[in-house]
Amino acid sequence: TPVVAGAPGQNISAYKIAEDAGIQVVFGKTRELLSKSNSAIITSGTATLEAAILNTKHVIAYKTNAFNFAIANAVVRVDSIGLPNLILGEQLVPELIQTDCTADKIESKLNEVLSSEIQNEGFAEIRKRLGSSGASERIAEYVNKDLINP
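Cut-offs used in this document
- Residues numbered from 1 in each chain as written.
- Predicted model: local features only at pLDDT ≥ 70, side-chain atom pairs only at ≥ 80, totals over all residues.
- Heavy atoms only, no water.
- Helix = DSSP H or I, 4+ residues; strand = E, 2+ residues; numbered from the N terminus.
- Buried < 20%, exposed > 50% of the residue type's maximum accessible area, 1.4 Å probe, protein only.
- Contact = heavy atoms within 4.5 Å.
- Areas by Shrake-Rupley, 256 points an atom, 1.4 Å probe, with all protein chains shown as cover.
- Patch = residues over 30% accessible without salt bridge, like charges linked within 9 Å, V, L, I, M, F, W, Y side chains within 5 Å.
- Salt bridge = Lys/Arg side-chain N within 4 Å of Asp/Glu carboxyl O.
- Pairing = 2+ DSSP bridges.
- Axes fitted to C-alpha atoms, helices over the stretch in contact; angles between N-to-C directions.
- Core = buried A, V, L, I, M, F, W, Y, C linked by side-chain atoms within 4.5 Å.
- Polar contact = N/O pair within 3.5 Å; in protein donor to acceptor, adjacent residues only side chain to side chain.

Chemist: So what exactly am I meant to see when it comes to the overall build of the protein chain here?
Modeler: Across its full length, the protein chain carries eight helices and five strands. Considering the protein chain as a whole, with its 150 residues, one finds that 33% of them fall into the buried category. Long-range contacts, defined here as pairs at least 24 residues apart, represent 48% of the contacts in the protein chain between residues at least 6 apart. Accessible surface, the protein chain as shown: approximately 9,300 Å² in total, 54% of it carbon and sulfur.

Chemist: Please explain unusual backbone geometry as it appears in this structure.
Modeler: The bulk of non-glycine residues show a negative phi, and the bulk of peptide bonds are trans. Positive phi outside glycine occurs at N55, with the angle close to 65°. One non-glycine residue with positive phi stands out, namely Q98, at about 55°.

Chemist: Just to check I follow, could you spell out a nonpolar patch on the surface for this structure?
Modeler: Taken together, the side chains of F67, I71, V75 and V76 make up a nonpolar region of the molecular surface, amounting to roughly 400 Å² of accessible area. A residue is classified by how much of its surface remains accessible, and V75, at 63% relative accessible area, is exposed.

Chemist: Where do I start with the sheet that holds strand β3 (residues 39-42) in this structure?
Modeler: The strands that make up a sheet are held in pairs by hydrogen bonds between backbone atoms, and each pair lies either parallel or antiparallel. The strand order across the open sheet built from three strands is β3-β4-β5, with neighbouring strands paired in parallel fashion. The outermost strands of the open sheet, each flanked by one partner alone, are β3 and β5 (95-97). Within the sheet, the average angular offset between the axes of one strand and its neighbour, ignoring direction, is 15°. In this structure, β3 lies alongside strand β4 (residues 57-62), joined through four bridges in parallel fashion. Bridge pairing links A40 to H58 in β4. Packing against the sheet, helix α3 (residues 46-53) makes contact with β3 and β4, and its axis sits at approximately 170° to β4.

Chemist: Got a minute to help me understand the nonpolar core in this structure?
Modeler: One recurring pattern in soluble globular proteins: nonpolar side chains tend to sit buried together. The biggest cluster of nonpolar side chains holds 12 residues, and these are L49, A52, I60, L83, L86, I87, L88, L92, V93, F123, I126 and L130. Counting only elements with at least two residues in this core, the list comes to α3, α5 (83-88) and α7 (118-130). Among the elements that line this core, the one with the most residues is α5, at four residues. Core analysis: the next-biggest nonpolar cluster, separate from the first, contains seven residues, V59, A61, L96 and C101 among them.

Chemist: Can you help me understand the pattern of salt bridges in this one?
Modeler: Pairing of side chains with opposite charge becomes possible as their charged atoms draw close. Tallied over the full model, the rule gives seven salt bridges. Among the salt bridges present, the one from K16 reaches D20, with a minimum N-O distance of 2.8 Å. Separated by four residues within a single helix, K16 and D20 lie in helix α1 (residues 16-20), roughly one turn from each other. The residue K109 makes a salt bridge to E112 at a minimum N-O spacing of 3.7 Å. Here the residue K109 and the residue E112 both occupy positions in helix α6 (residues 103-114), the gap between them amounting to three residues, near one helical turn.

Chemist: I'm lost on the side chain of S80 in this one. Help?
Modeler: In this structure, S80 sits in the loop between α4 (66-75) and α5. Polar side-chain contacts of S80 include one of 2.4 Å to the side chain of Q91.

Chemist: Looking at this model, I keep getting lost on the environment of G89. Mind explaining?
Modeler: Looking at the secondary structure, you find G89 in the loop between α5 and β5. Each C-alpha atom of the pair G89 and D79 lies 8.9 Å from the other, and the pair is 10 residues apart in sequence.

Printed below as a string of structure tokens:
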């Protein structure tokens, strides 16, 4: 059963399309939802890393207006926007951004991810690299290496 994890700070009205389609919107329980899901479609952000740590297969889907995208693209030059991909230095999690972010492409990539064990192996490597304590500092190091001092 599809469920939408509402983003912190967003109002329920931002999810009118989901509600109109009969999809439940839940706030404040992203980790719980991810832990019970066999797959997810996630916008970029910390939820991608949470999903990886919880071993939830996923794709990253992100679309914004052209103006915001142009500004972000001019300011930040990265090969990936997903934290799992930044940490591993490879495209483990498919990233469907802007014109690639279509329903057909999301469905196709999600089916590819679900039919393979590659993400599970990559997620195990992420958990190994981050360890149990001091993970925040190690995440910052990976992001700094790719974003600030490439």
